[in-house]
Amino acid sequence: MMASPTRILMVSTEYPPMQGGVGRYTFNLTKELRKIGLQVYVACNEKGGGQFFGLSPNNIHNSEVLLRIVNEIQPDIVHVQYEPGLYGLVLDPFNPKKTNTNIESFYDNCKIPIVTTFHSAYTIKQWFSLGPTKTNRRNGNATKLLLCRVGDYWKRLLNYRSFHNLNKNKLKNGQSGVVFSYYMSKMIVGGMDKGDLKIIYHGAEPAARMTKKEARARFSLPQEGQIALAVGFRTATKGWDILEKMKVPKGWTIVVSSSENHYIKYDLQLRIGNNSNIIILQNDFLSEFDLSNLFYASDAIILPYKVSSASGVMFDGLAHGLPFVATDLEFFREFSAQGLGITVRRNPSAFASGLVSLSSNYAGYRESVDIFKKKLSWNAVAIQHANLYKEKSGS
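Notes on the structure follow. (Residues numbered from 1 in each chain as written. Predicted model: local features only at pLDDT ≥ 70, side-chain atom pairs only at ≥ 80, totals over all residues. Heavy atoms only, no water.)

**Thoughts on the overall build of the protein chain**
Short version of the rule: Strands here are runs of E lasting at least two residues and helices are runs of H or I lasting at least four, both read from the DSSP assignment and numbered beginning at the N terminus. Atoms counted for the radius of gyration: C-alpha only. Globule rule: 2.2 Å times residue count to the power 0.38. For every residue, the accessible area obtained with a 1.4 Å probe (protein chains only) is divided by the maximum for its type, and the residue is called buried under 20%, exposed over 50%, and partly exposed between those limits.
Regarding its fold elements, the protein chain presents 13 helices and 12 strands. Its C-alpha radius of gyration of 21 Å places the protein chain within 12% of the 21 Å reference for a compact globule of 395 residues. Dimensions of the protein chain along its principal axes, counting C-alpha atoms only, are 60 × 60 × 40 Å. Burial status across the protein chain gives 53% buried among its 395 residues.

**Thoughts on the nonpolar core**
Nonpolar side chains tend to gather and get buried jointly when the protein is soluble and globular. Worth spelling out the cut-off: We define the nonpolar core as a collection of buried residues of types Ala, Val, Leu, Ile, Met, Phe, Trp, Tyr and Cys that are connected through side-chain atoms lying within 4.5 Å of one another. The contact criterion used throughout is that any non-hydrogen atoms of two residues lie within 4.5 Å.
If you look at the biggest cluster of nonpolar residues, it comprises 95 residues, and the most contacted ones within it are V78, V80, F106 and F324. It is helix α13 (residues 378–393) that contributes the most residues to this core, six residues altogether. If near-sequence neighbours (up to four positions away) are discounted, F106 is found in contact with S63, L66, L67, V70, V78, V80 and I114. By size, the runner-up hydrophobic cluster in this structure holds 24 residues, among which are I254, I278, A352 and Y362.

**Quick word on the pairing of strand β10 (residues 300–303)**
In plain terms, the rule: Two strands form a pair only when DSSP identifies at least two bridges running between them. With the strands aimed away from the viewer, a crossover counts as right-handed if its path from the first strand over the helix to the second runs clockwise.
Side chains A300 and I302 of β10 all project onto a buried face; the interleaved residues I301 and L303 project onto the opposite face, where all are buried too. Bridge analysis of strand β7 (residues 226–233) against β10 gives two bridges, and the strand direction is parallel. Its bridge partner being in β10, A228 is matched across the sheet by A300. One ladder, built from three bridges, connects β10 with strand β11 (residues 324–327); its direction is parallel. Residue pairing for β11: I302 is matched across the bridge by V325. Where the polypeptide runs from β10 across helix α9 (residues 312–319) and back to β11, its parallel neighbour, the crossover connection is right-handed.

**Focus: the sheet that holds strand β2 (residues 39–43)**
Just so we agree on the cut-off: For helices, the fitted line uses only the C-alpha atoms of the stretch in contact; every axis is such a line through C-alpha atoms, and the angle between N-to-C directions lies from 0 to 180 degrees.
The strand order across the open sheet built from six strands is β2-β1-β3-β4-β5-β6, with neighbouring strands paired in parallel fashion. With partners counted over all chains shown, the strands left at the sheet margins are β2 and β6 (197–199), one partner each. If you compare each strand with its neighbour and ignore which way they point, the axes differ by 25° on average. Relative to β6, strand β5 (residues 176–179) runs parallel, the two being bridged by three bridges. Opposite G177, over in β6, you have L197 as the bridge partner.

**Some points on the environment of Q226**
The criterion, for reference: Polar contacts, as used here, are pairs of N or O atoms within 3.5 Å; protein pairs need one atom able to donate a hydrogen and one able to accept it. Residues neighboring in sequence count only if both atoms are side-chain atoms.
Its place among the elements puts Q226 in strand β7. Along the primary structure Q226 and D299 are separated by 73 residues, whereas in three dimensions their C-alpha atoms are 5.8 Å apart. Not counting residues up to four positions away in its chain, the partners in contact with Q226 are R216, G251, W252, T253, D299, S359 and Y362. There is a polar contact of 3.1 Å between the side chain of Q226 and the side chain of S359.

**Points about the pairing of strand β12 (residues 341–344)**
Here β11 pairs with β12 via four bridges, running parallel. Directly across from F324, in β12, lies its bridge partner G341. The β-α-β motif built from β11, the intervening helix α10 (residues 330–336) and the parallel element β12 has right-handed crossover chirality.

**Things to note about unusual backbone geometry**
A cis amide bond links P16 to the next residue, P17, at an omega of 10°. Secondary-structure assignment places P17 in the loop between β1 (7–11) and α1 (21–35). Backbone geometry places Q74, a non-glycine residue, at a positive phi of 50°. With respect to the secondary-structure elements, Q74 resides in the loop between α2 (62–73) and β3 (77–82). For Q74, a relative accessible area of 46% gives the class partly exposed. Located in the positive-phi region is S220, a residue other than glycine, with phi close to 55°. Mapping S220 onto the fold places it in the loop between α7 (212–218) and β7.

**What to know about the side chain of S308**
With respect to the secondary-structure elements, S308 resides in the loop between β10 and α9. Accessibility expressed as a relative area gives 3% for S308, which makes it buried. A polar contact is formed between the side chain of S308 and the backbone oxygen of A310, at a distance of 3.3 Å. Dropping the residues within four chain positions of it, S308 is found in contact with Q126, Y183, L329, F331 and F332.

**Regarding the pattern of salt bridges**
Our working rule: Here, a salt bridge means any side-chain nitrogen of Lys or Arg that lies within 4 Å of a carboxyl oxygen of Asp or Glu.
As enumerated under the stated definition, the model contains 12 salt bridges in all. K212 is the salt-bridge partner of D299, the closest N and O atoms lying 2.3 Å from each other. Of the two residues, D299 sits in the loop between α8 (288–296) and β10 while K212 sits in helix α7, which places them 87 residues apart along the sequence. Residue classification places D299 among the buried positions, given a relative accessible area of 5%. Salt-bridge contacts for R216 lead to D299; the nearest nitrogen and oxygen are separated by 2.7 Å. In this pair, R216 is assigned in helix α7 and D299 in the loop between α8 and β10, connecting sequence segments 83 residues apart. Through salt bridges with shared partners, one network takes in R24, E288 and D316.

Listed below in structure tokens is the structure:
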């Protein structure tokens, strides 16, 4: 008699056709897990394309919703894609012990083994960089803006440890955790040898096959020279403001392709003046096919981020054979140490110099990327997850 397939309840508030990196990751992982024979059910928001609904950042009853679903389908494993903001993170301005999300009681009461993928873990410097900036202030007088800013920084100062404790409690109350880098494992448990935390890279694969010439023609991009691509949601933490003052090195063009962030409205408009070496594409959110073609049109990824726990854009770029130039943040530093790109200080001249350095040994970086990208296939990522599920469920 054949054994029944392992049953997984995949939990992600965000799920396609909703736009967002966590949802996109969850969709691709789910698709590949099903390909290798696992039975995967998705619980998400009503706007997503899952099998069960009722989850929302604003739903204080998310835990009850999930417990009902678990009771109904009796999965072998519950796998939560944990990005705190997608589960209603509230930073208490007075008592950090009250800081919470709306799925804490689910972790306390679920009897099924839980695997948690952690999408956020910040150093204290990055934590404060998440605060309000001049790009997302609401209209108001200077006093109100100052009070808002002071209040936000006070909440962050008071709750930095509480934020990390939420991560640690998920690992403690669940069976296992997944992170995308050693940096993230260090932030959550102090290192990869402590706690039941597995490093499984963010999967990424091309969704199309096209020559560089064809891809550039598709987006009306110049055929000559090298292209550094900045792509993603328009958020202040992307750090694209430094491009405004950047003297783009000879032989390089920077292409910016952005789409609106649906969770926080930012008024971000790059002011590049007459800089013909920076091209802003007016295409908003791209399909997987078009996004893949845009990577094929490029020679490198440029990531001047102020904050990053992990970067799906970096992994996507690597999967398409592209090295990167990124801000010298802990996450990017881990991958630049493997010869996959360059990290620099976050200022215009440093990023310009980084592109020049990348050009000087471009073949070497491409060789390292081509070796590394094999680790990012969704099949390899799914198999690692399946082995983890089997270990934790005893099936």
